[in-house]
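Structure at a glance
Here's the letter readout for the chains.
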Amino acid sequence: MRIAVVGAGIIGASTAWSLARRGAKVTLIERKQPMEETSRASSKLLHGGLRYLETFQIRLVHKALQARSQWLRQAPHLCSPLELLLPLYQGQMRPTWLVGAGIKLYDLLASGSGFPKASWLTPKQVLMRQPALTQRNLLGAYSFYDAQMDDYALGKWVIERFQGDGGQLVTGHTITDFDELEQFDRIVNAAGPWAMDLRSTHGTRPPYSLDWVRGSHIVLARPCPTALFLQVPHEKRIIFVLPYKGETLVGTTEIRQDNPSNPGASPEEISYLLKIFNHYIEPSASITEITKTYSGIRPLIRSANNPSNNTREWAFERIGNVLHIYGGKWTTAQIQGEEAAMRILK
Ligand SMILES: Cc1cc2nc3c(=O)[nH]c(=O)nc-3n(C[C@H](O)[C@H](O)[C@H](O)COP(=O)(O)OP(=O)(O)OC[C@H]3O[C@@H](n4cnc5c(N)ncnc54)[C@H](O)[C@@H]3O)c2cc1C
């Protein structure tokens, strides 16, 4: 069977690889180069998503916790386990018992994945691991594990595996209409944030709508001894402070947009991230310490008024010989790709 997959982000690449492994003759078509859009603008975490437990996405968290182990087994040179500290302070929005219950559930859902279990650290133990963390009102911290990756390199590795299994990659070609793919038996729309542009060529109303939620990061010119999972003061959000290539990666934001184009990190997002970082870290950072900023557009399935609470699950829609893919996460891309492959081969 000849199959065209449109979009060489991690979702399209994983789908194409899964199809090639099953013996299909697959062409992966990308308008730019692979991994140039959302898939290289992530927080670089292969994670279950502790915060998604709060919105009861328990099935997704379970799948993602198991999926991170698969990446580590397959490409240990491009990802590794990462210890994160979740510090708790007096007067924070979430009660300590709730955070503790979430951590316990996270451990339970990760059972059998080979990752160390979470533990509680006293303020003294926290400061030994992360001396820059502010000590005022610090109660202690949970230490828990996820994994960190080089999203660009790991995505390119998936493309190489796909090509190694006989797949063909076409770059620099934009698909504007499915008619130009009539030589293929089946087509997969994995255009991520741009999936709805292609879907609109059917002229009917889609069953899902995408919520385009921009996320930005800043990189600071200082090392980060231990990764942090920080509660944003007076908000239900969290941000990550992560070691990355000798510097400190801080992110992310969640800004709803009415279209999928990526304008980059705004001055407001940059000062928002710096403000939260400086709330927790001493000495504080100023704008001059920023070495890089980047943004990506999440193609989330719209399911909540607050963009933070949108589901991170994915969905499919089959119209004739075309399968449209909506939503998803980096960590679970291979599971999503397997499901997409099974559906399009039916
Ligand atoms: C700020 C941020 C942080 C994140 N952090 C994490 C994280 O730490 N861990 C995690 O698991 N997930 C994370 N995610 C989610 C994850 O990055 C995305 O779910 C995933 O990368 C989406 O991949 P995709 O392939 O759907 O989209 P993309 O990577 O955007 O790929 C779509 C591709 O389709 C191409 N394309 C579009 N239209 C056409 C066309 N007409 N013809 C040809 N090609 C076309 C585009 O050029 C693009 O390359 C994060 C997302 C963001 C934005």
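First, a word on what this report is: a plain description of the structure on this page. Note that the structure is a prediction, hence the values are computed from the model and not measured. (Residues numbered from 1 in each chain as written. Predicted model: local features only at pLDDT ≥ 70, side-chain atom pairs only at ≥ 80, totals over all residues. Heavy atoms only, no water.)

Here's the deal with empty space enclosed by the protein
We apply this condition: For cavity detection a 1 Å grid was placed over the protein atoms alone, and a set of points counts as a cavity when a 1.4 Å probe fits there but cannot get out; an open set counts as a pocket when protein lies on both sides within 12 Å along at least five of seven lines, with lining residues being those that have an atom within 4 Å of a point. Grid points are joined across faces, edges and corners, and a volume is the space filled by probe spheres set on the points. Residues are grouped as follows: Ala, Val, Leu, Ile, Met, Phe, Trp, Tyr, Cys and Pro are nonpolar; Asp, Glu, Lys and Arg are charged; all remaining types, including Gly, are polar.
A full pass over the atoms with the stated rule returns 1 cavity of 30 Å³ or more. In this structure, the largest cavity spans a volume of roughly 40 Å³. Lining the largest cavity, in full, are Leu45, His47, Gly49, Leu50, Leu84, Tyr106, Phe144, Asp146, Phe229 and Phe240. Classifying every residue of the lining of the largest cavity gives 7 nonpolar, 2 polar and 1 charged.

Quick look at the packing of aromatic side chains
Given two aromatic rings, one states the distance between the centres and the angle between the planes to describe the pair. Operational definition: Within 6.5 Å between ring centres, the rings of Phe, Tyr and Trp (the latter by its six-membered ring) count as paired, and their orientation is classed by plane angle as stacked under 30 degrees, edge-to-face over 60, tilted in between. Only DSSP runs of H or I covering at least 4 residues are called helices, and only runs of E covering at least 2 are called strands; the numbering of each starts at the N terminus. Relative accessibility under 20% of the residue-type maximum defines a buried residue, over 50% an exposed one, and the middle range a partly exposed one, all with a 1.4 Å probe and only protein chains included. A ring is scored as having a charge over it whenever the NZ atom of a lysine or the CZ atom of an arginine sits within 6 Å of its centre and within 35 degrees of its normal.
Applying the stated criterion across every chain, the model contains 8 aromatic pairs. An angle of 85 degrees between the planes, with centres 5.8 Å apart, marks the rings of Tyr106 and Phe144 as edge-to-face. In this pair, Tyr106 is assigned in helix H3 (residues 96-109) and Phe144 in strand S6 (residues 138-149), connecting sequence segments 38 residues apart. Residue class for Tyr106 comes out buried when judged on its relative accessible area of 3%. Phe144 sits in the buried class, given a relative accessible area of 2%. Relative to Tyr326, the ring of Tyr208 has its centre 5.6 Å away and its plane inclined at 50 degrees; by these criteria the two rings are tilted. Linking Tyr208 in the loop between helix H6 (195-199) and strand S9 (210-220) with Tyr326 in strand S16 (residues 322-327), this pair joins segments that are 118 residues apart in sequence. Of the aromatic side chains, those joined through ring pairs into one cluster are Tyr106, Phe144, Phe229 and Phe240. Sitting over the ring of Trp194, Arg31 keeps its end group 4.2 Å from the ring centre.

Observations regarding the side chain of Ser42
What counts here: N or O atoms within 3.5 Å of each other form a polar contact, as long as, within protein, one can give a hydrogen and the other can take it, and as long as residues adjacent in sequence are counted only when both atoms are side-chain atoms.
For Ser42, the position within the fold is in the loop between strand S2 (25-29) and strand S3 (45-46). Residue classification places Ser42 among the buried residues on the basis of a relative accessible area of 16%. In terms of polar contacts, Ser42 uses its side chain to reach the backbone amide nitrogen of Lys44, at 2.9 Å. Within polar-contact distance, the side chain of Ser42 engages the side chain of Asp151 at 2.9 Å.

Regarding the site of the ligand
Stated formally: Whether a residue is near a molecule or strand depends on its heavy atoms: it is near if one of them lies within 4 Å of it. In these tables, accessible area is a Shrake-Rupley quantity obtained with a 1.4 Å probe, and a residue counts as shielded only by the protein chains included in the view.
The environment of the ligand is made up of 35 residues, and the closest members are Glu30, Ser39, Leu45, Ile175 and Thr331. At 3.0 Å from an oxygen atom of the ligand is found a side-chain nitrogen or oxygen belonging to Thr38. Between the ligand and the protein, one listed contact pairs a nitrogen atom with a side-chain N or O atom of His47 at 3.5 Å. Alone, the ligand offers 1000 Å² of accessible surface; in the complex the protein occludes 96% of this. Going through the elements one at a time, helix H1 (10-21), S9 and strand S14 (290-301) are the ones with two or more residues in the shell around the ligand.

Considering the nonpolar core
The tendency in soluble globular proteins is for nonpolar side chains to be buried as a group. We apply this condition: Buried Ala, Val, Leu, Ile, Met, Phe, Trp, Tyr and Cys residues form a nonpolar core when they are joined through side-chain atoms within 4.5 Å. It only takes one pair of heavy atoms within 4.5 Å for two residues to be counted as in contact.
Val5, Leu19, Trp71, Leu86, Phe144 and Leu154 are the most contacted members of the largest nonpolar core, which has 68 residues in total. Tallying contributions element by element places H1 first for this core, with 7 residues. If sequence neighbours within four positions are ignored, Phe144 has contacts with Leu50, Leu82, Glu83, Leu84, Leu86, Ile103, Tyr106, Ala118 and Phe229. Of all hydrophobic cores here, the second largest spans 26 residues; its members include Leu133, Ala141, Leu220 and Ile239.

With respect to helix H8 (residues 333-345)
Short version of the rule: Each helix should span, by expectation, one fewer than its residue count multiplied by 1.5 Å. This arc corresponds to the set of directions leading from the helix axis out to the C-beta atoms.
Between its terminal C-alpha atoms H8 stretches 18 Å, which fits the 18 Å expected from 13 residues at 1.5 Å a residue. Of all the positions in H8, only Ala333, Gln334, Gln336, Gly337, Ala340, Ala341 and Ile344 are classed as buried. In a view along the axis of H8, the buried residues occupy a sector of 155 degrees, so they form one face of it.

Details of the pairing of strand S11 (residues 238-244)
Our working rule: Two strands make a pair as long as DSSP finds a minimum of two bridges between them.
S11 sits mainly inside the fold: 6 of its 7 residues count as buried. As defined by bridge partners, strand S10 (residues 227-231) adjoins S11 across 4 bridges and the pair is classed as antiparallel. Bridge pairing in S11 links Leu228 to Val241. As consecutive antiparallel partners, S10 and S11 are separated by 6 residues, and within that stretch His234 has a phi angle of approximately 65 degrees, a positive value. Bridge analysis of S11 against strand S12 (residues 247-251) gives 5 bridges, and the strand direction is antiparallel.

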